[in-house]
Amino acid sequence: MADLQKLTIGKAINLGLRRAMEEDPKVLIMGEDVGKLGGVFRITDGLQKDFGEQRVLDTPLAESGIIGTAVGLAVRGFRPVCEIQFEGFIFPGFDQISSQVAKLHYRTQGKIKMPIVIRVPFGGGIGAVEHHSESPESLFAHIPGLKVVSVSNAVDAYWGIQQAIKSDDPILFFEPKKLYHSGAMKSEVDTEATPDELFKSRVVREGTTATVVAYGPSVKVALDAAAAAEDEGKSLEVIDLRTLSPLDLEPVFESVRKTGRLIALSEAPSESSLTSEIAARVQQECFYSLEAPVLRVTGFDTPYPPAKLEEHYLPDLDRVLHTVDRSLAW
Amino acid sequence: MPSEHWTHPEPGDGPAAVAAQPSPEQVIAGLRATSEGGAELTQLLTPEGERISSPRFDRYVDDIDAEALKGLYRDMVLVRRADREANAMQRQGQLGIWVPLLGQEAAQIGSGRALRKGDMAFPSYREHGVAYTRGVDLKEVLGIFRCTDHSGWDYKAHGFHPYTIVIGNQVLNAAGYAMGQKFEGKVGDDDSEATICYFGDGATSQGDVHEGFVWAAVYDAPLVFFCQNNQWAISEPTERQSRLPLYQRARGYGFPGIRVDGNDVLACLAVSRWALEECRHGNGPVLIEAFTYRMDAHTTTDDPTRYRLSDELEEWKLKDPIERVRAYLARGGGADQAFFDQVQADSDAFAAELRDYCFNMPEPPPDRIFSNVYAESTPMLDAQREEYLSYLDGFVGAGEH
Ligand SMILES: Cc1ncc(C[n+]2csc(CCOP(=O)(O)OP(=O)(O)O)c2C)c(N)n1
């Protein structure tokens, strides 16, 4: 029977975590301030109160420590869910992620599993100081042995976090922090439904003029652009990538074969990134269907600027429409 | 297993008790026995404003007569006033965020005023008071929090490195800088240079801080590690980072550690001068734990009511760093009401100037995004810049802006 709840993305993750913890006593949450405070974004709110300090660990302030001990806990049979406070602070843990989390399964020929989830609030648009607005997901997608997903709505957030926790592979779970508490992004979540597969991308709006592929916070920008384009008589197909590693590009190929045009959208810098990979694969698979080169709308190849400039840095609706026009002008 | 370095006493234990390995409850009680900061706390001015003598440290503040103490008082009042103004401006939407220093004025002014021109300070992000002592215009600090800039000041001219937000990163950077001072022969006598590095109690858990201790020790770097233990790392208390009072960790790395009353500006000045002198003479590094308290939220986005008790705050209010100096000056006759009124007026003017500047701070132009990514720009980035700027021009041309 359908059990519908209208949830923000943040609340959906909270409920997803709660349900995963109820179902499996080996699930642990660990991170800075995740207990009493409920995390700086309050995503783990109330969990320590209900599950205790040994299942929701307020850890010392050390990301290498959080991820490195999660590795050991996983070896011992736990399923740690690590919270990184902001994406810019994941780098002290990068060594553990790339050297151990990603490779232990391979190095031990499958004897050791790494059922670790690393939750990373990411992206800009919140007017923050340095290191609080970045999009480093491509760096992780580049590391074999890791899986990377990014959610853009409450339904995927609720189910995605549970599926990630159930997975025996290590997963980086990128959460669009700007949308955590957005009322506009509230959606109805059926907590009894059968969820979509985790590693599948999805067409979230159908169209015929051009395809826009995006993930995380950019999906909203793509959808807004598609709504605006409609007023101009253009019909954009929007695909939410959802899974960044492995990339599920079949729906993208299919869409490009239909529209002949692709715009890849992301807040991350463009050089050597996920959007680079998408462009390469699409030209390889859809060469004869393309009416224009794959174009990209991304952050610039600069460090994230002071937030007073982020409206320029972040791809917005206008830049997407401008790029659609460039594609059509080809 | 007995722990020979465990010297933090139970309340009422007398000096430097050496106890057996404490239970977790004792650890917590010990680390948070905030009453006096423990028997080994260096203090020169009590919370009641009484000057107590220290055979070891008095000589480092011999020159601090009533006039000089009034100067330290004024410094503290000014930076507190600036801090409160910035906090208010954040509430009014003029700043994106603010990181309050309330309660940490003595630690910052005392240590900052111990520095000399050739010295270098590596701050984290709360060191507005140290910035002030280094001659950095606090307006430039405001730019960071209004998000117009990542860092404004000339680090070299002021001997004050840019703020570092990633916890602990600056500690290794400071170690490297201090190694450089040593390699260049700037260590060895009274006129030598030293470096001071600021970080919090939470930061001591980071690998970078541990590595910084190791490097500074093995290269005998002239580096003073200045840990402001304000008891909290956002919601996590010190006992979530350590089972040992933090100053005692230094011993494991082979250099001295000392705990000073971080709310006592005179003691902070004295201990910092001593530590810097050790460094100048090639006897560094030194770890100072300034035992203090964060009297406000972690930042303006934090909600401390979720994790700490208000009586803790009330207890610490009695140890206010400014009030004790005021009491001392008033009682000892070093200052009259006119002085206090003048400082109050000066601080109001100082705050008004900041406010005025903040409200009128220029917005950075869009092409700032692309400048200084590299010392020598790249063709690709230049092209990106051109393309974006002409895209923006297009808007103006089309009358859409
Ligand atoms: C590497 C890293 N992880 C997490 C954060 C988020 N964060 C900012 S301040 C802070 C607490 C710092 O506490 P402490 O070191 O005691 O310094 P305080 O702010 O109390 O002065 C945390 C967790 C960060 N800035 N950098």
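An account of the accompanying structure is given in this report. In this text the structure is predicted, and so the values were computed from the model without any measurement.

1. Looking at the overall build of chain A
When you go through chain A residue by residue, the secondary structure sums to 12 helices and 14 strands. Computed over its C-alpha atoms, the radius of gyration of chain A comes to 19 Å, within 12% of the 20 Å expected for a compact globule of 330 residues. Over its C-alpha atoms, taken along the principal directions, chain A stretches across nearly 60 × 45 × 40 Å. Within the span of chain A, comprising 330 residues, buried residues form 60% of the whole. Side chains of chain A carry 35 positive and 47 negative charges; the gap between the two charge centres is 4 Å.

2. A short note on the overall build of chain B
Counting its regular elements, chain B contains 14 helices and eight strands. Within chain B, buried positions represent 56% of all 401 residues. Counted over contacts in chain B with a minimum sequence separation of 6, partners at least 24 positions apart contribute 75%. When the accessible surface of chain B is summed, it comes to about 16,500 Å², and 50% of that surface belongs to carbon and sulfur atoms.

3. What about the site of the ligand?
Contacts to the ligand come from 21 residues, most closely from Glu-63 of chain A together with Tyr-125, Arg-126, Ile-165 and Gly-202 of chain B. Of the chains in the model, those with residues near the ligand are chains A and B. Gly-202 of chain B places a polar main-chain atom, nitrogen or oxygen, 2.7 Å from an oxygen atom of the ligand. A distance of 3.4 Å separates an oxygen atom of the ligand from a polar atom in the side chain of His-298 of chain B. Contact with the protein chains covers 95% of the free accessible surface of the ligand, which is 580 Å². When each cavity is represented as a set of grid points, the ligand is found to reside in the largest pocket. Of the residues assigned to the shell around the ligand, the class counts are 11 nonpolar, six polar and four charged.

4. Considering the interface of chain A and chain B
Residue-level contacts link 45 residues of chain A with 43 residues of chain B. Between chain A and chain B lies a buried interface of about 3,600 Å² when both sides are counted; carbon and sulfur atoms form 61% of it. Counting residues per element, the ones that place at least two in the side of chain A that touches chain B are helix H11 (310–313) and helix H12 (317–328) of chain A. Of all the elements, H12 of chain A adds the most residues to the side of chain A that touches chain B, at four residues. Taken together, the residues that form the side of chain A that touches chain B break down as 17 nonpolar, 12 polar and 16 charged.

5. What about the layout of surface pockets?
Of the voids in this model, the largest pocket is the one considered here, and its volume is about 930 Å³. Gln-85 and His-132 of chain A together with Ile-234, His-298 and Thr-299 of chain B are, among the 48 residues lining the largest pocket, the residues nearest its centre. Looking at the lining of the largest pocket, the elements with two or more residues in it are strand S3 (195–200) and strand S5 (232–233) of chain B. Taken together, the residues of the lining of the largest pocket sort by class into 22 nonpolar, 16 polar and 10 charged.

6. Some thoughts on helix H5 (residues 138–145) of chain B
Residue pairs spaced three or four apart in an α-helix point in one direction, given the helix's 3.6 residues per turn. Residue and element names in this part refer to chain B. Burial runs high along H5: seven of the eight residues are buried. Its buried side turned inward, H5 meets helix H2 (66–91), helix H4 (128–133) and helix H13 (337–359). Backbone geometry just downstream of H5 places Cys-147 in the positive-phi region, at approximately 65°.

7. Quick look at the pairing of strand S13 (residues 262–265) of chain A
Residues and elements named next belong to chain A. Side-chain alternation along S13 places Leu-262 and Ala-264 on one buried face and Ile-263 and Leu-265 on a second face that is also buried. Alignment of S13 against strand S14 (residues 295–297), held across three bridges, turns out to be parallel. For Ala-264, the partnering residue across the bridge sits in S14 and is Arg-296. Read as a crossover between parallel neighbours, the route from S13 over helix H10 (residues 274–285) to S14 is right-handed.

8. So, the side chain of Ser-54 of chain B
Assignment of secondary structure puts Ser-54 of chain B in the loop between strand S1 (41–42) and H2. Of the polar contacts made by the side chain of Ser-54 of chain B, one reaches the backbone nitrogen of Phe-57 of chain B; its length is 2.9 Å.

9. Details of the pattern of salt bridges
Opposite charge on two side chains lets them pair, provided their charged atoms get close. Tallied over the full model, the rule gives 47 salt bridges over all chains. The salt bridge partner of Lys-166 of chain A is Glu-23 of chain A, with a shortest N-O separation of 3.4 Å. Here Lys-166 of chain A, found in helix H7 (residues 154–166), pairs with Glu-23 of chain A, found in helix H1 (residues 9–23); they are 143 residues apart in sequence, far enough to count as distant. Accessibility expressed as a relative area gives 56% for Lys-166 of chain A, which makes it exposed. The closest approach of N and O atoms between Asp-261 of chain B and Arg-324 of chain B, which form a salt bridge, is 3.0 Å. With Asp-261 of chain B in strand S7 (residues 257–261) and Arg-324 of chain B in helix H12 (residues 321–332), this residue pair connects regions lying 63 residues apart in the sequence. Comparing Asp-261 of chain B with Arg-324 of chain B, the two get one shared label, buried. Sharing partners across several salt bridges, the network here consists of Asp-156, Asp-196, Arg-202 and Arg-242 of chain A.

10. Observations regarding the packing of aromatic side chains
Scanning the model with the defined rule gives 41 aromatic pairs over all chains in all. A centroid spacing of 5.5 Å and a plane angle of 45° characterise the contact between Trp-153 of chain B and Phe-160 of chain B, whose relative ring orientation is tilted. The exposure class assigned to Phe-160 of chain B is buried, which follows from its relative accessible area of 0%. A connected cluster of aromatic rings, assembled from ring pairs, spans Phe-300, Tyr-304 and Tyr-313 of chain A together with Phe-370, Tyr-388, Tyr-391 and Phe-395 of chain B. Just above the ring of Phe-199 of chain A sits the side chain of Lys-147 of chain A; from NZ or CZ to the centre is 4.8 Å. The side chain of Lys-319 of chain B reaches across the aromatic face of Trp-316 of chain B, ending 3.9 Å from its centre.

11. Some words on the sheet that holds strand S4 (residues 223–229) of chain B
Strand pairing within a sheet occurs via backbone hydrogen bonds; the two strands may be parallel or antiparallel. Residues and elements named next belong to chain B. One open sheet accounts for six strands, arranged S1-S7-S8-S4-S3-S2; its pairing is parallel. For this open sheet the edge positions go to S1 and strand S2 (120–122), each flanked by a neighbour on one side alone. Contacts from helix H3 (residues 105–112) reach S3, S4 and strand S8 (286–291), with the element oriented near 165° to S4.

12. Observations regarding unusual backbone geometry
A negative phi holds for most residues other than glycine; trans holds for most peptide bonds. Residue Ser-245 of chain A is joined to Pro-246 of chain A through a cis peptide bond whose omega torsion reads 0°. Note that Pro-246 of chain A resides in the loop between strand S12 (243–245) and helix H9 (250–259). Looking along the chain, the bond that leaves Gly-284 of chain B and enters Pro-285 of chain B is cis, with omega of -5°. Within the secondary structure layout, Pro-285 of chain B lies in the loop between helix H10 (265–280) and S8. Unusually for a residue other than glycine, Gln-109 of chain A sits at a positive phi of about 50°. Position of Gln-109 of chain A among the secondary structure elements: in the loop between helix H5 (104–107) and strand S5 (117–122). Residue Gln-109 of chain A is classed as exposed on the basis of its relative accessible area of 70%. Non-glycine residue Asn-372 of chain B carries a positive phi angle of around 65°.

Cut-off values and rules
Residue indices follow the written sequence of each chain, beginning from 1 at its first position. Chain A is the first chain written and ligand 1 is the first ligand written, with later ones labelled in order. Only residues with pLDDT of 70 or above have their local features reported here, since the model is predicted, and side-chain atom pairs are shown and tallied only from 80 upward, although totals for entire chains, interfaces and linings are computed over all residues. Only hydrogens and water are set aside; all other atoms, that is, all heavy atoms of the structure, feed into the side-chain values. Only runs of H or I of at least four residues qualify as helices and only runs of E of at least two qualify as strands under DSSP, and these elements are numbered from the N terminus. Two things to know: the radius of gyration comes from C-alpha atoms, and the globule rule equals 2.2 Å times the number of residues to the power 0.38. The classification of residues rests on relative accessible area computed with a 1.4 Å probe and restricted to protein chains. Under 20% of the type maximum is buried, over 50% is exposed, and intermediate values are partly exposed. Here the positive residues are Lys and Arg and the negative ones are Asp and Glu; neither His nor the chain ends is included. Note on charges: their place is set at NZ of Lys, CZ of Arg, CG of Asp or CD of Glu. The contact criterion used throughout is that any non-hydrogen atoms of two residues lie within 4.5 Å. What sets the accessible areas is the Shrake-Rupley method with a 1.4 Å probe; for residues, cover comes only from the shown protein chains. Whether a residue is near a molecule or strand depends on its heavy atoms: it is near if one of them lies within 4 Å of it. Two N or O atoms count as a polar contact when they lie within 3.5 Å, although within protein this holds only if one can serve as hydrogen donor and the other as acceptor, and sequence-adjacent residues are included solely when both atoms are side-chain atoms. A cavity, in this analysis, means grid points on a 1 Å lattice covering only the protein atoms where a 1.4 Å probe fits yet has no way out; a pocket is instead an open set bounded by protein on both sides within 12 Å along at least five of seven lines, and a residue lines either one if it has an atom within 4 Å of a point. Think of it this way: if more than half of a molecule's atoms are within 2 Å of a pocket's grid points, that molecule is in the pocket or cavity. When residue character is reported, Ala, Val, Leu, Ile, Met, Phe, Trp, Tyr, Cys and Pro are called nonpolar, Asp, Glu, Lys and Arg charged, and the others, Gly included, polar. Computed with a 1.4 Å rolling probe, the buried area is the accessible surface lost when two parts are put together, summed over both parts. Grid points are joined across faces, edges and corners, and a volume is the space filled by probe spheres set on the points. Following DSSP output, two strands are said to pair if at least two bridges run between them. Consider the strands pointing away from the viewer: the crossover is right-handed when the path from the first strand over the helix to the second runs clockwise. Salt bridge, as applied in this entry: a Lys or Arg side-chain nitrogen positioned within 4 Å of an Asp or Glu carboxyl oxygen. When the centres of two rings from Phe, Tyr and Trp lie within 6.5 Å, Trp using its six-membered ring, the rings pair. Their planes under 30 degrees apart give stacked, over 60 give edge-to-face, and anything left gives tilted. Charge over a ring is defined by NZ of Lys or CZ of Arg lying within 6 Å of the ring centre and within 35 degrees of the ring normal. Only the stretch in contact is used when fitting a helix axis, every axis being a line fitted to C-alpha atoms; angles between N-to-C directions are given from 0 to 180 degrees.

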